[in-house]
Amino acid sequence: MATVTQDDVLSVLKRIAAPDGRGNVVSAGLVSGIAIQGGTVMFALTASPQHVKTMEALRAAVEKAVLGIKGVDKAVVALTAERSPQQGGQPQPQGQRGSGIAGIRHLIAVASGKGGVGKSTTAVNLALALTSLGLKVAVLDADVYGPSIPKLFGLNGKPEPSDAAGKKMKPMTRYGVEVMSIGFLVPEDTPMIWRGPMVMSALTQLLRETEWSGADVMVIDMPPGTGDVQLTLAQQTPLSGAVIVSTPQDLALIDARKGLNMFAKVNVPVIGIVENMSYFTCGKCGERHEIFGHGGAKEEAERIGVPFLGEIPLDTEVRRRSDSGEPIVATLPDALHTALYRDVARQVWARLEGGKLGRPAPRIVVDDQ
Ligand code: ADP
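Just so it is clear, the structure is predicted and the values come from calculations on it, not from any experiment. (Residues numbered from 1 in each chain as written. Predicted model: local features only at pLDDT ≥ 70, side-chain atom pairs only at ≥ 80, totals over all residues. Heavy atoms only, no water.)

Re the overall build of the chain
Thought 1: The secondary structure content of the chain amounts to 12 helices and 12 strands.
Thought 2: Here the chain has roughly 17,400 Å² of accessible surface; of this, 52% comes from carbon and sulfur atoms. (Helix = DSSP H or I, 4+ residues; strand = E, 2+ residues; numbered from the N terminus. Areas by Shrake-Rupley, 256 points an atom, 1.4 Å probe, with all protein chains shown as cover.)

Comments concerning the pattern of salt bridges
Thought 1: Using the criterion set out here, one finds 10 salt bridges in the structure.
Thought 2: Between Glu353 and Arg105 there is a salt bridge, and its shortest N-O distance comes to 2.9 Å. Highlighted residues: Glu353 in helix α12 (residues 336-353) and Arg105 in strand β4 (residues 104-112), separated in sequence by 248 residues.
Thought 3: Judged by its relative accessible area of 27%, Glu353 falls in the partly exposed class.
Thought 4: Between Lys151 and Asp323 there is a salt bridge, with the nearest N and O atoms lying 3.6 Å from each other. One end of the pair, Lys151, is in helix α4 (residues 149-153); the other, Asp323, is in helix α10 (residues 316-323), with 172 residues separating them in the sequence. (Salt bridge = Lys/Arg side-chain N within 4 Å of Asp/Glu carboxyl O. Buried < 20%, exposed > 50% of the residue type's maximum accessible area, 1.4 Å probe, protein only.)

Notes on the pairing of strand β12 (residues 308-314)
Thought 1: Of all 7 residues in β12, 6 are buried, a share of seventy percent or more.
Thought 2: Summarising the sheet, strand β10 (residues 270-281) and β12 pair through 5 bridges and their orientation is parallel. Residue pairing for β12: Ile273 is matched across the bridge by Phe308. (Pairing = 2+ DSSP bridges.)

Side note on the packing of aromatic side chains
For any pair of aromatic rings, geometry is given as the distance between the ring centres together with the angle between the planes.
Thought 1: On inspection of all chains with the given rule, the structure shows 1 aromatic pair.
Thought 2: Between Phe153 and Tyr175, the aromatic rings sit 6.5 Å apart at their centres with planes inclined by 35°, giving tilted as the arrangement. You can see Phe153 sitting in helix α4 and its partner Tyr175 sitting in the loop between β6 (172-174) and β7 (177-181), a full 22 residues away along the chain.
Thought 3: Residue classification places Phe153 among the buried residues on the basis of a relative accessible area of 0%.
Thought 4: Overall, the relative accessible area of 25% leaves Tyr175 in the partly exposed class.
Thought 5: The aromatic ring of Tyr175 is capped on one face by Arg174, whose charged end is 4.6 Å from the ring centroid. (Phe/Tyr/Trp six-rings, centres within 6.5 Å; stacked < 30°, edge-to-face > 60°. Lys NZ or Arg CZ within 6 Å of the ring centre and 35° of its normal.)

Comments concerning the pairing of strand β1 (residues 31-37)
Thought 1: In this sheet, strand β2 (residues 40-47) lies alongside β1 in antiparallel orientation, the contact comprising 5 bridges. Each bridged residue has a counterpart across the sheet, and for Val31 the counterpart in β2 is Leu45.
Thought 2: Between β1 and β2, which pair antiparallel one after the other, the connecting turn spans 2 residues, and Gly38 there sits at a positive phi close to 60°.

A word on the nonpolar core
Thought 1: Grouped together as the largest cluster of nonpolar side chains are 85 residues, with contacts concentrated most on Leu126, Leu130, Phe153, Met218, Val219, Phe263 and Val348.
Thought 2: With 8 residues, the top contributor of residues to this core is α12.
Thought 3: If near-sequence neighbours (up to four positions away) are discounted, Phe153 is found in contact with Val124, Leu128, Val139, Arg174, Tyr175, Val177, Val179 and Gly325.
Thought 4: Residues Ile16, Ala47, Met55 and Ala75 belong to the second largest nonpolar core, which totals 23 residues. (Core = buried A, V, L, I, M, F, W, Y, C linked by side-chain atoms within 4.5 Å. Contact = heavy atoms within 4.5 Å.)

Comments concerning the site of the ligand
Thought 1: Of all residues adjacent to the ligand, which total 16 residues, the nearest are Gly116, Lys119, Ser120, Thr121 and Asp315.
Thought 2: Asp315 is positioned such that a nitrogen or oxygen atom in its backbone is 2.9 Å from a nitrogen atom of the ligand.
Thought 3: Coverage of the ligand by the protein amounts to 81% of the 570 Å² it exposes when considered alone.
Thought 4: Grouping the amino acids of the shell around the ligand by side-chain chemistry returns 6 nonpolar, 7 polar and 3 charged. (Near = heavy atom within 4 Å. Polar contact = N/O pair within 3.5 Å; in protein donor to acceptor, adjacent residues only side chain to side chain. Nonpolar A, V, L, I, M, F, W, Y, C, P; charged D, E, K, R; others polar.)

As for unusual backbone geometry
Thought 1: Even without glycine at this site, Tyr175 takes up a positive phi of about 50°.
Thought 2: Phi at Asn267 takes a positive value of approximately 60°, unusual for a residue other than glycine.
Thought 3: Judged by relative accessible area, which is 43%, Asn267 ranks as partly exposed.

Focus on helix α3 (residues 119-132)
Thought 1: If you check α3, its first and last C-alpha atoms are 20 Å apart, about what 14 residues at 1.5 Å a residue would give, namely 20 Å.
Thought 2: Most of α3 sits out of view: 13 of its 14 residues are buried.
Thought 3: Positive backbone phi, at 95°, marks Gly134, one or two positions downstream of α3. (Expected span 1.5 Å × (residues − 1).)

So, helix α1 (residues 6-13)
Thought 1: When α1 is considered as a whole, its buried residues turn out to be Val9, Val12 and Leu13. Buried residues of α1, seen end-on, are gathered within an arc of 100° and therefore sit on one face of the element. (Arc of directions from axis to C-beta.)

Notes on the packing of α3 against α12
Thought 1: Two elements in contact, α3 and α12, have axes whose closest approach is 8 Å; the angle formed by their N-to-C orientations is 75°. Judged on the interaxial angle alone, α12 and α3 are roughly perpendicular. Residues Thr121, Thr122, Asn125, Leu126, Ala129, Leu130 and Ser132 of α3 lie in contact with α12, whose contacting residues are Tyr341, Arg342, Val344, Ala345, Val348 and Trp349. (Axes fitted to C-alpha atoms, helices over the stretch in contact; angles between N-to-C directions. Parallel < 35°, antiparallel > 145°, perpendicular 65-115°, else oblique.)

A short note on the side chain of Glu178
Thought 1: For Glu178, the location among the structural elements is in strand β7.
Thought 2: As a buried residue without a salt bridge, Glu178 has its nearest oppositely charged side chain in Lys136, at a separation of 4.3 Å.
Thought 3: Within the structure, the side chain of Glu178 is placed 2.7 Å from the side chain of Ser213, a separation counted as a polar contact. (Lys, Arg positive; Asp, Glu negative; His and termini not counted.)

Quick word on the confidence of the model for the chain
Thought 1: Counting all residues, the mean pLDDT for the chain is 82, and 83% of those residues have values of 70 or more.
Thought 2: A low-confidence stretch, residues 83-96 stays under pLDDT 50, and its non-local contacts, those more than four residues away or across chains, total 26 contacts.
Thought 3: Here residues 358-369 is modelled with pLDDT under 50, and outside its nearest four sequence neighbours on either side it reaches 7 contacts, counting other chains as well. (pLDDT = per-residue confidence, 0-100.)

Rendered as structure tokens:
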């Protein structure tokens, strides 16, 4: 098989014009972080978050051109955003739309049909990947039954009150992301017995009584499953949409479909499905093992008309870094998984801002009787 080199990639990219007549995408400095692993080529294309929508066509064209190079069988081109110096760490300009919660533009739920599929891992890495696109991101851990977000972010201690009256709490911050979790407030290993209404009021408090400093996207790690608590949560939180995490075999067992149905019931658009633990590439033999079967999520997504956002392979590094509070996207920026999560994030943001989401307009029936 032909070995792909960085020069092969650059020479193809140099033939693609940059927007605004600024020469080609390479000379305009839009291409960065080219990584080549076998037949997989990954790199970033810089865009301002406001222009993600228009850049999508360019991104697709660039990806197609790279796929045309002999020896390339996969191209992952992530749109990344460069912060302008004036913006610093401030929130991106807020548009007319918003979540109704001060300073938070979009709330998205990360959900799964059952536990253990990697929902929290996906939520955290998706949040960090959104941050790497230049967006301001917050994470709310709504998984009250097993709050794992503090551990995944390597955070402990208690949130401080934001004022002398102690009315609000300051979120914790790690890797540039503001985080709030019930896990900060309740000692670890304390068995928690939650009834539905208690869950709702605890979460409403965490959401509304935290002094968030604004966010383009708040990622909510939902409790696993599709019971009444999840349904109420989906209904009572002003969600822009939901991302469903599933393993390949889980889709075959219709757990993820239950998740889709739940959001359909409460009119929350499903942004798409992420297939986690898709396959495992053996470090020793280099072969790809499809432990749980593969492609189930993609086929199912196509069949039911829900966007497929990508597949995240099983990887010991993902697990190891999650366990030690150093999520892969924050700590291994050049890893394949980081590129894959960023690709998911780019699609999520494009769909949030692309105007394709939104609750369906009511059907108007003209009754001329
Ligand atoms: P959930 O929130 O669905 O219960 P978690 O995110 O806690 O699931 O993940 C369950 C376990 O699987 C964790 O130990 C996590 O580190 C591991 N895990 C999740 N995704 C992957 C992956 N792609 N590769 C390897 N391990 C993973």
